[in-house]
Amino acid sequence: KNEVEQSPQNLTAQEGEFITINCSYSVGISALHWLQQHPGGGIVSLFMLSSGKKKHGRLIATINIQEKHSSLHITASHPRDSAVYICAVRSGYGGSQGNLIFGKGTKLSVKP
Amino acid sequence: GAGVSQSPRYKVAKRGQDVALRCDPISGHVSLFWYQQALGQGPEFLTYFQNEAQLDKSGLPSDRFFAERPEGSVSTLKIQRTQQEDSAVYLCASSLSFGASGLYNEQFFGPGTRLTVL
């Protein structure tokens, strides 16, 4: 079983729809990241959070430490939001030295 | 530019060839990470440096993989005798420092080097 599971793997939405991507993890963490990866490989960090909720523009990220679950929401989705969204956790324990453990990503396609 | 840069962006190698991938982290960033991302998969940890010290290399898949950061800034990932299974995007990330928590620990990623081994 992967330590970080994302769902769904693929998501197609119509422009304007509200989108939710889920992430569950099985390890103890010190932080969780939501990352955006466009074709060509570049990764942009959207959020880093360890509790509660963060909002930036149309993006909202929440985390429930007790349930080991996080969600990324996109309001009023737009075709330019089309990308792969990756959940990654930083365990910060033992010998890991804070490296990230990644989910496999959710490929989002927003149709006009 | 102020971001993490990597070179080359694309590399095609013949099986058995040695390759060297370069990462220029953000100036002043203490921590540097290398990740390997196979097609359709999430990135996986390879190795981690704090300044010039390689503190964790547990993710390197074989002794053909070697990474260095001799002066605590630029890092090079070297792959000897490349195999087809080495084909992947190699991502470098840096962060200001390592600590238990805090915004300054956010990792900033480079654009990656796409390695194709024929």
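Up top is the structure.
All of the points below concern the structure found in this document.

Calculation rules
- Residues numbered from 1 in each chain as written.
- Chains lettered and ligands numbered in written order.
- Predicted model: local features only at pLDDT ≥ 70, side-chain atom pairs only at ≥ 80, totals over all residues.
- Heavy atoms only, no water.
- Helix = DSSP H or I, 4+ residues; strand = E, 2+ residues; numbered from the N terminus.
- Buried < 20%, exposed > 50% of the residue type's maximum accessible area, 1.4 Å probe, protein only.
- Pairing = 2+ DSSP bridges.
- Axes fitted to C-alpha atoms, helices over the stretch in contact; angles between N-to-C directions.
- Phe/Tyr/Trp six-rings, centres within 6.5 Å; stacked < 30°, edge-to-face > 60°.

Points about unusual backbone geometry
Here the residue pair Ser7(A) and Pro8(A) is connected by a cis peptide bond, since its omega of -5 degrees sits within 30 degrees of zero. Relative to the helices and strands, Pro8(A) resides in the loop between strand 1 (4-7) and strand 2 (10-14). Along the chain, Ser7(B) connects to Pro8(B) via a cis peptide bond; the corresponding omega equals -10 degrees. As for its position among the elements, Pro8(B) is in the loop between strand 1 (5-7) and strand 2 (10-13).

Some thoughts on the pairing of strand 9 (residues 88-95) of chain B
Residues and elements named next belong to chain B. Judged by how many residues are buried, strand 9 sits mostly within the fold: eight of eight residues are covered. The alternating pattern of strand 9 places Ala-88, Tyr-90, Cys-92 and Ser-94 on one face and Val-89, Leu-91, Ala-93 and Ser-95 on the opposite face, and all of these are buried. Examined bridge by bridge, strand 4 (residues 31-37) and strand 9 share seven bridges and lie antiparallel to one another. By the bridge assignment for strand 9, Gln-36 is matched with Tyr-90. Here three bridges tie strand 9 to strand 11 (residues 113-117), and the two strands are oriented antiparallel to one another.

A few points about the sheet that holds strand 1 of chain B
All names here are of chain B. Taken in spatial order, the four strands make up an open sheet running 1-3-8-7, and their pairing is antiparallel. Each edge of the sheet is formed by a strand with only one pairing partner; in this case those strands are strand 1 and strand 7 (65-68). Strand after strand, the sheet turns through a mean of 15 degrees between neighbouring axes, direction not considered. Relative to strand 8 (residues 75-79), strand 7 runs antiparallel, the two being bridged by four bridges. Bridge pairing in strand 8 links Ala-67 to Leu-77.

Concerning the packing of aromatic side chains
For the structure on display, the rule yields seven aromatic pairs over all chains. Geometrically, the ring pair formed by Phe102(A) and Tyr35(B) is edge-to-face, given 5.0 Å between the ring centres and 85 degrees between the ring planes. Of this pair, Phe102(A) sits in strand 10 (residues 100-102) while Tyr35(B) is found in strand 4, placing the two residues in two different chains. Judged by its relative accessible area of 10%, Phe102(A) falls in the buried class. Where Tyr35(B) meets Phe45(B), the ring centres are 6.3 Å apart and the plane angle is 70 degrees; that geometry is what we call edge-to-face. Of this pair, Tyr35(B) sits in strand 4 while Phe45(B) sits in strand 5 (residues 44-50), and the two are ten residues apart along the sequence. Taking relative accessible area as the criterion, Tyr35(B) reaches 0% and is therefore assigned buried. Owing to a relative accessible area of 12%, Phe45(B) belongs among the buried residues under this scheme. Members of the aromatic cluster, joined through ring pairs, are Phe102(A), Phe33(B), Tyr35(B), Phe45(B), Tyr48(B) and Phe109(B).

Such coordinate-based values are descriptive only and should not be taken to indicate function.
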